[in-house]
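# A look at the structure
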Amino acid sequence: MRKGITRVQFFMLSFFLFSMFLGAGNIIFAPPLGQAAGTHTWIAMSGFLITGVGLVLAAIYALSIAGEKIDLLAGRVDKRFAVFYSVLLFLCLGPLFVIPRTAAVVFEVSVNPLLPDSLKQSFWSLLLFSLFFIGSTIYLSLEPSKFVARIGRIITPTFIILLGIIVIKSLATPIGAFGEPTGDYVEHAFGRGFTQGYNTMDVLAAFVFGKIFLDAARLAGVQSEKMPSFFIKAGLFTMIALALVQISLAAMGASSVSAIGISKNGGEALPQIVYLLLGQTGVIMLACVVFLTGWTTAIACLASVAEYFSRQFPQFNYRGWVIIFGLISLLITNFGLNTILTMALPGLYFLYPVSITLMILIFLNRFFDGRQAVYVGAVAAAGLMRVLDGLKSVNLLPAAADAFLSAYIPFYSSGMGWIMLAVSGGIIGWCYFKLTGQGSRRFENSPVS
C-alpha cells in the first residue's frame, strides 16, 4: 500500500464524499425554510446546518469506530433493536421516503414547470412520469454500478457548476429583501431549523454510505494510521461545501417572498426562483441536471436497500427485492410531494434523535465504560419522546398530553425535548446497572482502520 496520496487524490476523494450527500432530493428544504424564516433565516439555518450538515461528519466517524456496520452500531442497544432500527432506516432511505421523494422532486422541478398549464399538477402527468422514472430505476438497479459511476462523474460536477451560477447570480442581483418570519420561526427559529434539517436524511445516509467512503480511501492508498487525519480533512471540506450550498439556497428563498410568496414546498419554489434569476434557460438547465441527478440517487438507494434486504431476508433474492421496493416506491410517489414529506415525518422524528443519541453515546463510551444499560436507557428515552413528537406532527397527540409535555419537558416546544430525556434515560441506565448488575455488557470503540 502506498504511503500517501496526492493532492489531486485528496480532492477527488473529498469531492466524492461531497457528491454522496448533494442530490436532487435534499436541495428542496432550504428555500422554503428561508421563505418562512425571513429575517430569522440565519438563526434557523444555524439549527438546520447542525442536523443537515454538521452531524454527517460525526455520523461517519461514529460508524467507523463502532465497527463500520450499522448493525454493530445499533446492536449496542440490543440485537433485536438493531434489526428494527436498520430495517426502518433502510426503508426510509428507500421505498418509504427517499426514492418517492426523489421522483416527486424531479417531477416538480424538471417536468411540471415545462408542461402546459392544463397539465400542471395533473394526476395523470405525475402517474405517467413516475411509471417511466421508477420503471427505469428498477431496470437500471438490476446492474447499477457502471451506470451510477459513469453518470455520476458527469452529473455531480455539472450540478455544482449550475448551482454556482445560480448562487453568483442571486448574490449579484438579489430578487428582493428578506421578508418577515412566520409561524414557528417567529419564536422558535433555531429549533424549527434544527428539526427541518432531519428532512435532508444526510445523517442517516451517512450510516449507510459511510463505509463506501472509507473503502474508497483505502483503495486510494490511505494508510490505517493516516485515516483519522485524512477523514477529518475530507469531512471538513464536505461540511463547508454542503453548508455553503444550503445557506445560499435559504438566502434565495428568503429573498423571493416578495416576488412569489411562500411556496407549498421546495420543489415548487426552486424553479420559480431560478426563473426569476436566469429565465427559462435556467429552468431548462435545472430541469435536465435535477432529472439525471435524481435518477442516479434513486438507483443507488434502491440498489442499497435491495442488497441489505436480500442479505437479511433471503426469502427473495436481490432482483426480487428491487422489484418489490420499486413498486412500493411507485405507489407512494403518486401521493405527491407534499403528502410524501408529511407521511415521512413520524419515521424521521424517530430515526434522527435515536441516531444522534447513538452517536453521542459512542463518543462518550469510555466515560460510562461502554455499558449496555446506558445505551438502552438513553436510546429508549429519546425514542419514546420522538414517537410522541411524531404523533404531534400528524395531529394524533391528545391536547392534554401536549400541554403536559410542554409544561414539564425542557425544549419540548422547539422539538428538542428528546435531549433531556435521553440524558435522563442514560443516567437511569447507569444507576440500574450499578444497583442490579444487569445490562453490564461492555462495548469498546475501535480506531478508524
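Below, the structure is looked at part by part.

Basis of the calculations
- Residues numbered from 1 in each chain as written.
- Predicted model: local features only at pLDDT ≥ 70, side-chain atom pairs only at ≥ 80, totals over all residues.
- Heavy atoms only, no water.
- Helix = DSSP H or I, 4+ residues; strand = E, 2+ residues; numbered from the N terminus.
- Rg over C-alpha atoms; globule rule 2.2 N^0.38 Å.
- Buried < 20%, exposed > 50% of the residue type's maximum accessible area, 1.4 Å probe, protein only.
- Contact = heavy atoms within 4.5 Å.
- Areas by Shrake-Rupley, 256 points an atom, 1.4 Å probe, with all protein chains shown as cover.
- Axes fitted to C-alpha atoms, helices over the stretch in contact; angles between N-to-C directions.
- Parallel < 35°, antiparallel > 145°, perpendicular 65-115°, else oblique.
- Left-handed = near helix turned anticlockwise from the far one by under 90°.
- Nonpolar A, V, L, I, M, F, W, Y, C, P; charged D, E, K, R; others polar.
- 1 Å grid on protein atoms, 1.4 Å probe; cavity = no way out; pocket = protein on both sides within 12 Å on 5 of 7 lines; lining within 4 Å.
- Points joined across faces, edges and corners; volume = space filled by probe spheres on them.
- Core = buried A, V, L, I, M, F, W, Y, C linked by side-chain atoms within 4.5 Å.
- Salt bridge = Lys/Arg side-chain N within 4 Å of Asp/Glu carboxyl O.

Turning next to the overall build of the protein. Scanning the protein from N- to C-terminus turns up 18 helices and zero strands. The C-alpha atoms of the protein give a radius of gyration of 22 Å, which matches the 22 Å a tight globule of 449 residues would have. Here the C-alpha coordinates of the protein stretch approximately 70 × 60 × 45 Å along the principal axes. The proportion of buried residues among the 449 residues of the protein is 55%. In the protein, the share of contacts with a sequence separation of at least 24, taken over all contacts with a separation of at least 6, comes to 80%. Taken as a whole, the protein presents about 19300 Å² of accessible surface, with 68% of it coming from carbon and sulfur.

Right, let's get into the environment of Gly282. Note on placement: Gly282 falls in helix α13 (residues 266-312). The class for Gly282 is buried, based on a relative accessible area of 1%.

Right, let's get into the packing of helix α3 (residues 41-65) against helix α9 (residues 189-196). In the contact formed by α3 and α9, the axes pass within 6 Å of each other and the chain directions differ by 30 degrees. Of the possible angle classes, the one that applies to α3 and α9 is roughly parallel. Crossing angle aside, the handedness with which α3 passes α9 is right-handed. Across the interface between the two elements, Ile43, Ala44, Ser46, Gly47, Phe48, Ile50 and Thr51 of α3 pack against Ala189, Phe190, Gly193, Phe194 and Gln196 of α9. Within the contact of α3 with α9, the residues separate by chemical class into seven nonpolar, five polar and no charged.

Turning our attention to the layout of surface pockets. Reported here for the second largest pocket is a volume of approximately 790 Å³. Along the wall of the second largest pocket there are 31 residues; nearest its centre are Asp184, Arg192, Gln196, Leu345 and Tyr349. Listing elements by their share of the lining of the second largest pocket, those giving two or more residues are α2 (30-37), α9, α15 (337-363) and α16 (372-393). Counting residues per element, the lining of the second largest pocket draws most heavily on α15, at five residues. Class assignment for the residues of the lining of the second largest pocket results in 11 nonpolar, 14 polar and six charged.

Turning our eyes to something else, we now look at the packing of α13 against helix α14 (residues 318-333). With their axes 8 Å apart at the nearest point, α13 and α14 run at an angle of 125 degrees to one another. Considering the angle they form, α13 stands oblique to α14. The hand of the α13/α14 crossing is right-handed. Each of Leu302, Ala303, Val305, Ala306, Glu307, Phe309 and Ser310 in α13 lies in contact with α14, whose residues at this interface are Tyr318, Trp321, Val322, Phe325 and Gly326. A per-class count over the contact of α13 with α14 returns nine nonpolar, two polar and one charged.

This part is about empty space enclosed by the protein. Under the defined criterion, the tally for this structure stands at two cavities of 30 Å³ or more. Counted as a void, the largest cavity has a volume near 50 Å³. As for the largest cavity, its lining consists of Leu17, Phe21, Val53, Val56, Leu57, Ile60, Phe231, Gly235, Thr238, Met239 and Leu242. Broken down by secondary-structure element, the contributors of at least two residues to the lining of the largest cavity are α1 (7-21), α3 and α11 (227-254). If one sorts the elements of the lining of the largest cavity by residue count, α11 sits on top with five residues. When its volume is computed, the second largest cavity comes out at roughly 30 Å³. Every residue along the wall of the second largest cavity is listed here: Phe90, Leu93, Val208, Phe209, Cys301, Ser304 and Val305.

With that out of the way, let us pick up the nonpolar core. Ranked by internal contacts, the top residues of the largest apolar core, which has 144 residues, are Tyr85, Leu89, Phe133, Phe207, Phe309 and Met359. Looking at which element gives the most residues to this core, the answer is α13, with 18 residues. Leaving out residues up to four positions away in the same chain, Leu89 has contacts with Ile70, Leu204, Phe207, Val208 and Leu351.

As a further point, take the pattern of salt bridges. Under the defined criterion, the tally for this structure stands at five salt bridges. The salt bridge partner of Glu307 is Arg311, with a shortest N-O separation of 2.7 Å. One end of the pair, Glu307, and the other, Arg311, are both in helix α13, four residues apart, so they sit about a helical turn from each other. On the basis of relative accessible area, Glu307 is assigned to the partly exposed category, the value being 34%. Residue Arg311 is classed as partly exposed on the basis of its relative accessible area of 48%. In this structure, the salt-bridge partner of Asp369 is Arg442, at a minimum N-O distance of 2.6 Å. Placement of Asp369 in the loop between α15 and α16 and of Arg442 in the segment after α18 (418-436) is noted, with a sequence separation of 73 residues between them. Here the residues in one salt-bridge network are Asp369, Arg371, Arg442 and Glu444, joined through shared partners.

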